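# What the coordinates show
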Amino acid sequence: MSANVVRRPLFTWLSTAAGTGFYVCAVGVAGFLPDAGYGPPLVIAAFTLFIWMLGWHSAIRFTVTHVSITNILVTSTVAWQDVARVTVSDGLCIQLRVLSTIL
């Protein structure tokens, strides 16, 4: 079963460009300032990872059975049978069905 992936193109390209730029800076710092140690390149690498997770890693994936929303740290998965309605007005809004239980 293949998943369809939706990402914001602007976030994807900006994060890729910024990640590449940060990587070049880390290589430059490590190559041209050997006395600086590992600290500056590691900080730059952490920023690169954060920007990658913000732009490229974040996505909406949907299949026939479910939809998954991946943010920086959390992936939320909802089965289509639990979805009442999906709206896209000021962001993505997934309204779930109300499950009534009688005790």
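Refer to the structure printed above.
As a starting point, this report considers the structure included with it. This structure is a prediction, so every number in the text was calculated from the model and none was measured. (Residues numbered from 1 in each chain as written. Predicted model: local features only at pLDDT ≥ 70, side-chain atom pairs only at ≥ 80, totals over all residues. Heavy atoms only, no water.)

## Some words on the overall build of the chain
For the chain, the helix and strand inventory stands at two helices and six strands. Going from N to C terminus, the chain has its helices and strands arranged as β-α-α-β-β-β-β-β. For 103 residues, the compact-globule formula gives about 13 Å, and the C-alpha radius of gyration of the chain, at 20 Å, lies well above that figure. Expressed as lengths along the three principal axes of its C-alpha atoms, the size of the chain is roughly 70 × 35 × 30 Å. The burial tally for the chain puts 19% of its 103 residues in the buried class. For the chain, restricting intrachain contacts to residue pairs at least 6 apart in sequence, the fraction spanning at least 24 positions comes to 36%. Approximately 8,000 Å² of the chain is accessible, and the part contributed by carbon and sulfur atoms is 69%. (Helix = DSSP H or I, 4+ residues; strand = E, 2+ residues; numbered from the N terminus. Rg over C-alpha atoms; globule rule 2.2 N^0.38 Å. Buried < 20%, exposed > 50% of the residue type's maximum accessible area, 1.4 Å probe, protein only. Contact = heavy atoms within 4.5 Å. Areas by Shrake-Rupley, 256 points an atom, 1.4 Å probe, with all protein chains shown as cover.)

## What to know about the pairing of strand β2 (residues 59-62)
Where strand β1 (residues 4-6) meets β2, three bridges bridge the pair, whose relative direction is antiparallel. Across the sheet, the residue bridging to V6 is I60, located in β2. Bridge count for β2 against strand β3 (residues 66-70) is four bridges, and the pairing is antiparallel. Bridging from a neighbouring strand, R61 pairs with S68 of β3. Adjacent in sequence and paired antiparallel, β2 and β3 are bridged by three residues. (Pairing = 2+ DSSP bridges.)

## Things to note about the environment of F47
Examined against the element boundaries, F47 turns out to sit in helix α2 (residues 39-57). Taking the C-alpha atoms as reference, F47 lies 12 Å from T16; in sequence the two are 31 residues apart.

## Here we look at the packing of helix α1 (residues 9-32) against α2
In the contact formed by α1 and α2, the axes pass within 8 Å of each other and the chain directions differ by 170 degrees. As judged from the angle between their axes, α1 and α2 are roughly antiparallel. Mapping the contact onto sequence places F11, T12, S15, T16, A18, G19, F22, Y23, C25, A26, V29 and A30 in α1 and P40, P41, I44, F47, T48, I51, W52, G55 and W56 in α2. Taken together, the residues of the contact of α1 with α2 sort by class into 15 nonpolar, six polar and no charged. (Axes fitted to C-alpha atoms, helices over the stretch in contact; angles between N-to-C directions. Parallel < 35°, antiparallel > 145°, perpendicular 65-115°, else oblique. Nonpolar A, V, L, I, M, F, W, Y, C, P; charged D, E, K, R; others polar.)

## So, the sheet that holds β3
The strands making up a sheet associate through hydrogen bonds between their backbones, and the pairing can be parallel or antiparallel. The strand order across the open sheet built from four strands is β1-β2-β3-β4, with neighbouring strands paired in antiparallel fashion. Edge positions in the sheet fall to β1 and β4 (75-79), since each of these pairs with one other strand and no more. On average, each strand axis in the sheet is tilted by 15 degrees relative to the strand beside it, whichever way the strands run.

## Brief notes about a nonpolar patch on the surface
Where nonpolar side chains cluster on the molecular surface, the patch consists of V6, F62, W80, V86, V88 and L92 and spans about 510 Å² of accessible area. Relative to the assigned elements, L92 resides in strand β6 (residues 92-96). (Patch = residues over 30% accessible without salt bridge, like charges linked within 9 Å, V, L, I, M, F, W, Y side chains within 5 Å. Salt bridge = Lys/Arg side-chain N within 4 Å of Asp/Glu carboxyl O.)

## Observations regarding the pairing of β4
Here β3 runs beside β4; their pairing, made up of five bridges, is antiparallel. Within β4, the position partnered with I69 by the bridge is S76. In this structure, the hairpin formed by β3 and β4 is closed by a connection of four residues.

## Digging into α2
Across its 19 residues, α2 extends 25 Å between first and last C-alpha, which sits within 8% of the 27 Å expected from 1.5 Å per residue. Listed in full, the buried residues belonging to α2 are P41, I44, I51, M53 and G55. Packing partners of the buried residues in α2 comprise α1. (Expected span 1.5 Å × (residues − 1).)

Fair warning: the whole summary comes from geometry, so function is off the table for now.
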